[in-house]
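Structural overview for review
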Amino acid sequence: MTINHNQSTKNDLNRPVLSIIIPVYNEREVLPLCLQRLNDVAKQLNATTELLFVDDGSCDGSADYLAGQVTMDTSIRIIRLSRNFGKEAALTAGIDYAIGEAVVILDADLQDPPELIPKMIEQWRKGADVVLMQRRSRAGESWFKRTTSHLFYRLLQHLSRSQIPMDTGDFRLMSRRAVEALKQLPERNRFMKGLFAWVGMPTVILKYDRDPRAAGTSKWDYLGLLRLALEGITSFSIRPLRWAMGLGIIAALIGGAFGLWIAFKAFMLGDPVHGYPSLISVITFLGGIQLIALGIVGEYVGKTYIETKQRPNYLIRDVTHAPEITNIHPTNKVKEDIHVQAS
Ligand code: UDP
Ligand code: MG
């Protein structure tokens, strides 16, 4: 099926063709440059564009700055979350609220160059549902971060049944069809890269050079990344549970063989019972394996627990936009304040 991109604009003049979702968490420093570059790109595009900023509980005035820009730039829409929910939740909010026929996800820190958007649109117009941006290089990131990230993607690809492409971040374009598919995934543990991959759809991969951050600092520390990595693995694979079982079987076999050997020595060779050190080491080894296995099981039980609570992925504090935009169809059930900025 090819999408008729003109159809909905004909039906509905207010509907932007392209929504650019930008998650923002304490990015006040970089926002002026970000807006300028986005607007320069939007001018070149042969499409109406909406800039959908999702303020993820910033406390440095990012949201106020953006609200101040709405009067000057009517293409801006700001969704303010009630607190910091994390990038994955901010992206989910953006995806729920985006009204474009195509949706692009872009980091506020300009690590994903907005100038590539025209190329992405070109691929979408040719029929791709997903245009994935794959990092050829990552300037300004440490060797350690690049290596660990590479290893993580390798492991994830090995573990998960849906192919999560190597070295891709959240920077991508999705067609309305792909966005609607994504919106059907209700889970609370939102590892977006995995969810994107799960959806599938005709995908084009474009390579790009990732820029260093334009200003400000990264919001991720290594512990945060480790948590995200663990989240990614356990959300998309139950293989660690099988590994735990495998490890248990191997340990049991070794233990059994060792027991037989000790019995053989005691009965046949008349070896008196000794070996306190070996006893202790076997006990601690097995205890360790049991705890690891229990931890893995616990991780999945915990995930199930969180899912069963059915809490929303994010809460909206308010939405701000220019009066020109009239038709917004939030899919979130929570009723929010809508501020319409007078122009
Ligand atoms: N971000 C967010 N919520 C958070 C952390 C980050 O919305 O809790 C946004 C942040 O403002 C930026 C994007 O996610 O636009 C990527 O964050 P960052 O640059 O800190 O991550 P890195 O590029 O270092 O992986
Ligand atoms: Mg960044």
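Note: the structure precedes this text.
Here's a quick rundown of the structure.

Criteria and thresholds
- Residues numbered from 1 in each chain as written.
- Chains lettered and ligands numbered in written order.
- Predicted model: local features only at pLDDT ≥ 70, side-chain atom pairs only at ≥ 80, totals over all residues.
- Heavy atoms only, no water.
- Helix = DSSP H or I, 4+ residues; strand = E, 2+ residues; numbered from the N terminus.
- Buried < 20%, exposed > 50% of the residue type's maximum accessible area, 1.4 Å probe, protein only.
- Areas by Shrake-Rupley, 256 points an atom, 1.4 Å probe, with all protein chains shown as cover.
- Near = heavy atom within 4 Å.
- Polar contact = N/O pair within 3.5 Å; in protein donor to acceptor, adjacent residues only side chain to side chain.
- Nonpolar A, V, L, I, M, F, W, Y, C, P; charged D, E, K, R; others polar.
- Donors = N, O, S within 2.8 Å, 3.2 Å for Na, K, Ca; no water.
- Contact = heavy atoms within 4.5 Å.
- Expected span 1.5 Å × (residues − 1).
- Phe/Tyr/Trp six-rings, centres within 6.5 Å; stacked < 30°, edge-to-face > 60°.
- Lys NZ or Arg CZ within 6 Å of the ring centre and 35° of its normal.

Considering the overall build of the chain
A count of helices and strands for the chain gives 11 helices and 9 strands. Of all 343 residues assigned to the chain, the portion counted as buried reaches 46%. Here the chain displays about 18,000 Å² of accessible surface, and carbon together with sulfur accounts for 61% of that area.

Some words on the site of ligand 1
Asp-56, Asp-109, Gln-111, Ser-218 and Lys-219 are the nearest of the 18 residues found near ligand 1. In this structure, Asp-109 approaches ligand 1 through a side-chain N or O atom, which is 2.5 Å from an oxygen atom. Within the complex, 93% of the 530 Å² of free accessible area of ligand 1 lies under protein. Its residues placed into classes, the shell around ligand 1 shows 5 nonpolar, 4 polar and 9 charged.

A closer look at the coordination of the magnesium ion (ligand 2)
The magnesium ion (ligand 2) binds to the protein through Asp-109 (OD) and Gln-111 (OE1), with metal-donor distances spanning 1.8 to 2.0 Å. Judged on exposure class, the residue Asp-109 and its partner Gln-111 are both buried.

With respect to the side chain of Ser-19
Along the chain, Ser-19 falls in strand E1 (residues 18-24). Polar contacts involving the side chain of Ser-19 include one to the main-chain amide nitrogen of Gly-100, which spans 2.8 Å. In contact with Ser-19, other than residues within four places in its own chain, are Glu-50, Ala-98, Ile-99, Gly-100, Ala-102, Val-103 and Val-104.

Let's talk about helix H2 (residues 31-44)
Taking 1.5 Å of rise per residue, the 14 residues of H2 would be expected to cover 20 Å, and the 20 Å separating its terminal C-alpha atoms lies within 8% of that figure. Leu-31, Cys-34, Leu-35, Arg-37, Leu-38, Val-41 and Ala-42 are the residues of H2 that are buried. Buried-residue contacts for H2 involve E1, strand E2 (49-55), helix H3 (62-70), strand E3 (76-81) and helix H5 (117-125).

What to know about the packing of aromatic side chains
A full pass over the atoms with the stated rule returns 3 aromatic pairs. Centre to centre, the rings of Phe-171 and Tyr-208 are 5.3 Å apart; their planes meet at 75 degrees, and the pair counts as edge-to-face. Placement of the pair is Phe-171 in strand E6 (residues 168-175) and Tyr-208 in strand E7 (residues 203-210), with a sequence separation of 37 residues. Using a relative accessible area of 1% as the deciding quantity, one classes Phe-171 as buried. By relative accessible area, Tyr-208 is classed as buried at 3%. Between Trp-261 and Phe-264 the ring centres are 6.1 Å apart and the planes differ by 25 degrees, which places this aromatic pair in the stacked class. On the criterion of helical spacing, the pair formed by Trp-261 and Phe-264 is a turn pair, its members being 3 residues apart in helix H10 (residues 239-268). The ring of Phe-85 carries Arg-83 above its face, with NZ or CZ at 3.9 Å from the centroid.

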